[in-house]
Amino acid sequence: GQQLNQSPQSMFIQEGEDVSMNCTSSSIFNTWLWYKQDPGEGPVLLIALYKAGELTSNGRLTAQFGITRKDSFLNISASIPSDVGIYFCAGRLVQFYFGTGTSLTVIP
Amino acid sequence: DGGITQSPKYLFRKEGQNVTLSCEQNLNHDAMYWYRQDPGQGLRLIYYSQIVNDFQKGDIAEGYSVSREKKESFPLTVTSAQKNPTAFYLCASSISPGTDTQYFGPGTRLTVL
């Protein structure tokens, strides 16, 4: 299946710092989604992107659908301890394909 | 309360036994999916169903079987033919097959001893 390259693999940041992560693919996608997963739980949808170039915000989260349709990034501003978790990107062509996740640790 | 439920949360089985994981949704969604999650890997699609009494193989269907007799239920059976069944299994649903948003259940962690 398709592989989505997500980076970085892990991040350790101080509370209050901004975070940036991205996802790239060798294929073009029609949709990009970003999810957050807590340990032992199912992923929760954060942001959905449907158009190339689209920039969407959800509170302190901002995500963009790359112009080439092969990438997307997620930014988290002013991180707080509850931002801890694993963040996944997902791209859809016919079915969804998922990135390997970025593990975020926020140090109070 | 609308959502997707998976049971049990943790499941232990002996090698060689079949085991069935439950997935139920009360969102009135047409499409349902099963994914497998392993450490350090993205979610991989096992099976999906676009409508009752219909289902399609995903990327890693070997050793698994499903049924979709009711709209709200999509159970997954992990058979003894699955070579490495220990994993975290996630069920998801979407309003329709073409809808671009999937919602996930809480997952079932299966450990085969």
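A quick note: this is a predicted structure, and the numbers were derived from the prediction, not measured.

### Here we look at the environment of Lys-71 of chain B
Residues and elements named next belong to chain B. Structurally, Lys-71 is set in the loop between strand E7 (64-66) and strand E8 (76-78). Classification of Lys-71 by relative accessible area gives partly exposed; the value is 25%. Distance from Lys-71 to Asn-53, taken between C-alpha atoms, is 8.7 Å for residues 18 residues apart in sequence. Apart from residues no more than four positions distant in its own chain, Lys-71 is found in contact with Gln-25, Asn-28, His-29, Asp-30, Met-32 and Val-52. Only 3.3 Å separates the side chain of Lys-71 from the side chain of Asp-30, close enough to count as a polar contact.

### Overview of the interface of chain A and chain B
Taken together, the contact pairs 19 residues of chain A with 21 residues of chain B. Across the chain A to chain B interface the summed buried area is about 1,600 Å²; carbon plus sulfur atoms make up 52%. For the interface between chain A and chain B, the tally reads 1 salt bridge. Residues Glu-41 of chain A and Lys-9 of chain B are paired through a salt bridge, measuring 3.6 Å at the closest nitrogen-oxygen approach. The tally of links between chain A and chain B comes to 6 residue pairs in polar contact (both at pLDDT 80 or more). Per element, the largest residue contribution to the side of chain A that touches chain B is 4 residues, and it comes from strand E4 (residues 31-37) of chain A. Of the residues that constitute the side of chain A that touches chain B, the class distribution is 9 nonpolar, 8 polar and 2 charged.

### Examining the layout of surface pockets
Here the largest pocket defines a volume of roughly 330 Å³. Along the wall of the largest pocket there are 19 residues; nearest its centre are Ile-86 and Phe-88 of chain A together with Gln-37, Pro-39 and Gly-40 of chain B. Looking at the lining of the largest pocket, the elements that each hand over two or more residues are strand E9 (85-92) and strand E11 (102-107) of chain A. Of the residues contributing to the lining of the largest pocket, the split by class is 5 nonpolar, 10 polar and 4 charged.

### Some details on the side chain of Gln-25 of chain B
Residue and element names in this part refer to chain B. Relative to the helices and strands, Gln-25 resides in strand E3 (residues 19-25). With a relative accessible area of 4%, Gln-25 lands in the buried category. A polar contact of 3.2 Å, which involves the side chain of Gln-25, links it to the backbone nitrogen of Asn-28.

Calculation criteria
- Residues numbered from 1 in each chain as written.
- Chains lettered and ligands numbered in written order.
- Predicted model: local features only at pLDDT ≥ 70, side-chain atom pairs only at ≥ 80, totals over all residues.
- Heavy atoms only, no water.
- Helix = DSSP H or I, 4+ residues; strand = E, 2+ residues; numbered from the N terminus.
- Buried < 20%, exposed > 50% of the residue type's maximum accessible area, 1.4 Å probe, protein only.
- Contact = heavy atoms within 4.5 Å.
- Polar contact = N/O pair within 3.5 Å; in protein donor to acceptor, adjacent residues only side chain to side chain.
- Buried area = accessible area lost by both parts, 1.4 Å probe.
- Salt bridge = Lys/Arg side-chain N within 4 Å of Asp/Glu carboxyl O.
- Nonpolar A, V, L, I, M, F, W, Y, C, P; charged D, E, K, R; others polar.
- 1 Å grid on protein atoms, 1.4 Å probe; cavity = no way out; pocket = protein on both sides within 12 Å on 5 of 7 lines; lining within 4 Å.
- Points joined across faces, edges and corners; volume = space filled by probe spheres on them.

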